[in-house]
Amino acid sequence: MARKPIVVGNWKMNKTIAETKAFVAAVDDKLNDKADWGIATPYLDLPAAKEAKHLIVAAEDMHFKDSGAYTGAVSAAMLKEIGVDWTILGHSERRQYFGETDETVNLKMLQALKNGINPIVCVGESEAQYDAGETHDVVKTQVVAAYKDVAKEDVEKTVIAYEPIWAIGTGKTATNEIAQDVCGYIRSVVAELYGQETADKVRIQYGGSVKPNTIKELLAQPDIDGALVGGASLKEDSYLAMVAALDD
Ligand SMILES: O=C[C@H](O)COP(=O)(O)O
């Protein structure tokens, strides 16, 4: 079955509210139907981003509890209240700098799905793990942990982003072959967990130095159903160049 690609810009800790409004004004009307197009923004920018009519708007994280004494955290209900029904979870920067673990990613997956929020769950190996040939083992462990207790009927609401850490912000995109190999392997792990039919419905993104000149070939790979894009999603012209690249 054909899976519609999903391309989401992950802005990380970039852009003010004013810059978000300018981006939406420049980009939202110029998208095409070659993919579901979206942006993940800092919490403060989300209401401005939600002024978009076409862009999917995602948070970059959320907490796994309903409410309580979790200073600095944002809940699923808070996101839903402003109409946000997507979130990234388990990005490697959250794992590296904010103590995110496979266990908290799993709790957040369950909390997101319970609240009608679609998670984009990130997995990927470090450079040392890549060099040691551990990529498949690492992503399998992360996927199995993330989906613990996730119901089969919820799986197709989720997106998996394969982001090799060594390719993030480095300009070192994984080759099409490596990206396809790992995304295909991730699909086989989902098939082991939930069966092939469910695995065939899950969209798997590649992320890591995706640029307007590389996105089309990456998305042409059979198991790559989109991209999670950092740097190249920040400038309006670069985002629109990715949109145009899929039009060719
Ligand atoms: O979530 C996005 C990734 O971390 C990729 O970032 P990048 O495109 O700047 O390498």
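Residues numbered from 1 in each chain as written. Predicted model: local features only at pLDDT ≥ 70, side-chain atom pairs only at ≥ 80, totals over all residues. Heavy atoms only, no water.

Regarding the pairing of strand S7 (residues 203–207)
So, step 1. Of all five residues making up S7, five are buried, and the element is well covered by its neighbours.
So, step 2. The alternating pattern of S7 places Arg-203, Gln-205 and Gly-207 and Ile-204 and Tyr-206 on opposite faces, both of which are buried.
So, step 3. Judged from the four bridges that link them, strand S6 (residues 159–162) and S7 form a sheet pairing that is parallel. Across the sheet, the residue bridging to Val-159 is Arg-203, located in S7.
So, step 4. Here two bridges tie S7 to strand S8 (residues 226–229), and the two strands are oriented parallel to one another. Bridge pairing in S8 links Gly-207 to Leu-228. (Buried < 20%, exposed > 50% of the residue type's maximum accessible area, 1.4 Å probe, protein only. Helix = DSSP H or I, 4+ residues; strand = E, 2+ residues; numbered from the N terminus. Pairing = 2+ DSSP bridges.)

Brief notes about the UniProt feature "active site" (unreviewed entry) in the protein chain
So, step 1. Mapped onto this numbering, the UniProt entry annotates "active site" (unreviewed entry) at His-91 and Glu-163. Sequence-wise these annotated residues cover 73 residues; spatially they are packed, their C-alpha atoms never more than 8.4 Å apart.
So, step 2. As for its position among the elements, His-91 is in the loop between strand S4 (86–89) and helix H4 (92–97).
So, step 3. When residues no more than four places from it in sequence are discounted, the contact partners of His-91 are Asn-10, Lys-12, Cys-122, Glu-163 and Ile-168.
So, step 4. In this structure, Glu-163 sits in the loop between S6 and helix H8 (176–194).
So, step 5. Note on Glu-163: relative accessible area 6%, which makes it buried.
So, step 6. Setting aside residues no more than four positions away along its own chain, Glu-163 makes contact with His-91, Val-123, Gly-124, Glu-125, Ile-168, Gly-207, Gly-208 and Leu-228. (UniProt positions renumbered as here; feature names shortened; annotations may be inferred. Contact = heavy atoms within 4.5 Å.)

Considering the pattern of salt bridges
Where charged atoms from two side chains of opposite charge approach closely, those side chains can pair.
So, step 1. Scanning all chains against the criterion turns up 17 salt bridges.
So, step 2. The residue Lys-114 makes a salt bridge to Asp-66 at a minimum N-O spacing of 3.8 Å. On the criterion of sequence distance, the pair formed by Lys-114 in helix H5 (residues 102–114) and Asp-66 in the loop between strand S3 (56–58) and helix H3 (76–81) is long-range, its members being 48 residues apart.
So, step 3. Here Glu-192 makes a salt bridge to Lys-140, at a shortest N to O gap of 3.2 Å. With a gap of 52 residues between them, Glu-192 in helix H8 and Lys-140 in helix H7 (residues 135–146) connect regions that are remote in the sequence.
So, step 4. Look at Lys-140 and you get partly exposed, because its relative accessible area is 28%.
So, step 5. Counted as one network, the salt bridges with shared partners bring together Arg-3, Arg-187, Asp-223 and Asp-225. (Salt bridge = Lys/Arg side-chain N within 4 Å of Asp/Glu carboxyl O.)

Some points on the packing of helix H1 (residues 17–27) against helix H11 (residues 236–247)
So, step 1. Axis separation between H1 and H11 bottoms out at 10 Å; the angle between their running directions is 35 degrees. For the element pair H1 and H11, the recorded crossing hand is right-handed. The residues of H11 that touch H1, namely those facing Ala-22, Phe-23, Ala-26 and Val-27, are Glu-236, Tyr-239 and Leu-240. (Axes fitted to C-alpha atoms, helices over the stretch in contact; angles between N-to-C directions. Left-handed = near helix turned anticlockwise from the far one by under 90°.)

Looking at the pairing of strand S1 (residues 6–10)
So, step 1. Here S1 lies mainly inside the structure; five of its five residues are buried.
So, step 2. Neither face of S1 is open: one carries Ile-6, Val-8 and Asn-10, the other Val-7 and Gly-9, and all of them are buried.
So, step 3. Here five bridges tie S1 to strand S2 (residues 36–40), and the two strands are oriented parallel to one another. Paired with Ile-6 across the bridge in S2 is Asp-36.

So, the packing of aromatic side chains
So, step 1. Applying the stated rule across the entire model yields six aromatic pairs.
So, step 2. When the centroid spacing of 4.9 Å and the interplanar angle of 80 degrees are considered together, the rings of Trp-11 and Phe-23 count as edge-to-face. Of this pair, Trp-11 sits in the loop between S1 and H1 while Phe-23 sits in helix H1; the two residues are 12 residues apart in sequence, bridging distant segments of the chain. Neither Trp-11 nor Phe-23 differs from the other in exposure class; each is buried.
So, step 3. Linked through ring pairs, Trp-11, Phe-23, Trp-37 and Tyr-239 together constitute an aromatic cluster. (Phe/Tyr/Trp six-rings, centres within 6.5 Å; stacked < 30°, edge-to-face > 60°.)

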